[in-house]
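What the coordinates show
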Amino acid sequence: SAVISQKPSRDICQRGTSLTIQCQVDSQVTMMFWYRQQPGQSLTLIATANQGSEATYESGFVIDKFPISRPNLTFSTLTVSNMSPEDSSIYLCSVEDRGGARNTGELFFGEGSRLTVL
Amino acid sequence: AQSVSQHNHHVILSEAASLELGCNYSYGGTVNLFWYVQYPGQHLQLLLKYFSGDPLVKGIKGFEAEFIKSKFSFNLRKPSVQWSDTAEYFCAVRGRSGAGSYQLTFGKGTKLSVIP
């Protein structure tokens, strides 16, 4: 298993500003994932962050809006840029349990960062 | 692209009642199936998963789920719920994403409220 810490846990932001969310894992992991959970919606994958390479973004998400850093195998940041009220959401960091030789596919999640944009 | 549909948005049960939460998915290839649970104020955690083999999967806390391939379903069940089962439950399917990587696609979740 993996223990994931996210900061901030919640924040209230003004329209047009940017906020960086930090994700720290207690073990080295190859891939880290950033999800968004909008009110009343399911979790949606924003991007996959691999150490040493550019993040891979899913359809509907772009690097200019959600720049991601992955400086090492235990840490990643997601920035929500030029925020609008539509960005109000819970942002979740997760990592995959590689299960040794077999990829079990299980994801471990942080507690999330709840952003409210006014 | 895969999708997941959870039939119930909010389910309210009395303690000791039986539970079944519906989950259907659409995906053309081989899938791995999961149920995650989020207790109030806590992070998402895995309840159970199906990769292959016996389609009846048992998870933690007395939960089980049955994979029925012909119906593209993976319903979650528990014979007798407790107040502590109050939580939100998410069904998820793992397949290849549009960007080419494997990702989990989640349903919208079902909120379960158990009345003592």
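Predicted, not measured: the structure shown is a model, and the values here were computed from it.

Next up on the list: the pairing of strand β5 (residues 32-38) of chain B. Two faces make up the sheet, and in a regular strand the side chains alternate between them. Residue and element names in this part refer to chain B. Counting buried positions along β5 yields 7 of 7 residues, so the element is predominantly enclosed. Where β5 and strand β6 (residues 45-50) come together, 5 bridges link them in antiparallel fashion. Bridge pairing in β6 links Y36 to L46. Taking the residues that link successive antiparallel strands as the turn, the β5-β6 hairpin has 6 residues, and the phi of G41 there is positive, at about 75°.

Here we take up the side chain of Q37 of chain A. Tracing the backbone through its elements, the reader meets Q37 of chain A in strand β4 (residues 31-37). Looking at Q37 of chain A, the relative accessible area reads 10%, which means it is buried.

Across chain B, the average pLDDT comes to 90, with 93% of residues at 70 or higher. For chain B, strand β11 (residues 102-106) of chain B is the element with the lowest average pLDDT, namely 79, and strand β3 (residues 19-21) of chain B is the one with the highest, namely 97.

Looking now at the side chain of E64 of chain B. Residues and elements named next belong to chain B. One can find E64 in strand β8 (residues 64-68). For E64, a relative accessible area of 17% corresponds to the buried category. Of the polar contacts made by the side chain of E64, one reaches the side chain of K58; its length is 2.9 Å. Residues within four places of E64 in sequence aside, it is in contact with L48, L56, V57, K58, G59, N75, L76 and R77.

Right, let's get into the state of the cysteines. Following the criterion strictly, the structure yields 2 disulfides over all chains and no others. Residue pairing for C23 of chain A: its cysteine sulfur links by disulfide to C93 of chain A, the two sulfurs lying 1.9 Å apart. Across the S-S bond of C23 of chain A and C93 of chain A the torsion is about -70°, and the bridge reads as left-handed. A residue pair is termed long-range when its members are at least 10 positions apart, and C23 of chain A in strand β3 (residues 19-25) and C93 of chain A in strand β9 (residues 89-96) qualify at 70 residues. In this model, C23 of chain B is linked to C91 of chain B through a disulfide, with the two sulfur atoms separated by 1.9 Å. Handedness of the C23 of chain B-C91 of chain B disulfide follows from its S-S torsion of about -70°: it is left-handed. Here C23 of chain B, found in strand β4 (residues 23-26), pairs with C91 of chain B, found in strand β10 (residues 87-96); they are 68 residues apart in sequence, far enough to count as distant. The two residues C23 of chain B and C91 of chain B agree in class, both being buried. Free of any disulfide, C13 of chain A has its nearest cysteine sulfur in C23 of chain A, 18 Å distant. Look at C13 of chain A and you get buried, because its relative accessible area is 5%.

A word on the nonpolar core. Core analysis: the largest hydrophobic core is formed by 29 residues, its most contacted members being W35, L48, L76 and Y89 of chain B. Of the residues forming this core, the biggest block, 4 residues, is contributed by β10 of chain B. Excluding residues that lie within four positions of it along the chain, L48 of chain B makes contacts with L33, F34, W35, V57, K58, G59, F63, E64, A65, F74 and L76 of chain B. Listed in part, the 27 residues of the second largest apolar core include L19, I21, V29 and V117 of chain A.

A separate point is the pattern of salt bridges. Residue and element names in this part refer to chain B. By the definition in use, this model includes 6 salt bridges over all chains. For E64, the salt bridge goes to K58, with nearest N and O atoms at 2.9 Å. Residue K78 pairs with D85 through a salt bridge whose shortest N-O separation is 2.9 Å. One exposure class covers both K78 and D85, and it is buried. A single salt-bridge network, built from bridges that share partners, covers K58, E64, E66 and R77.

What counts, and where the lines are drawn
Residues numbered from 1 in each chain as written. Chains lettered and ligands numbered in written order. Predicted model: local features only at pLDDT ≥ 70, side-chain atom pairs only at ≥ 80, totals over all residues. Heavy atoms only, no water. Buried < 20%, exposed > 50% of the residue type's maximum accessible area, 1.4 Å probe, protein only. Helix = DSSP H or I, 4+ residues; strand = E, 2+ residues; numbered from the N terminus. Pairing = 2+ DSSP bridges. pLDDT = per-residue confidence, 0-100. Polar contact = N/O pair within 3.5 Å; in protein donor to acceptor, adjacent residues only side chain to side chain. Contact = heavy atoms within 4.5 Å. Disulfide = S-S within 2.5 Å. Core = buried A, V, L, I, M, F, W, Y, C linked by side-chain atoms within 4.5 Å. Salt bridge = Lys/Arg side-chain N within 4 Å of Asp/Glu carboxyl O.

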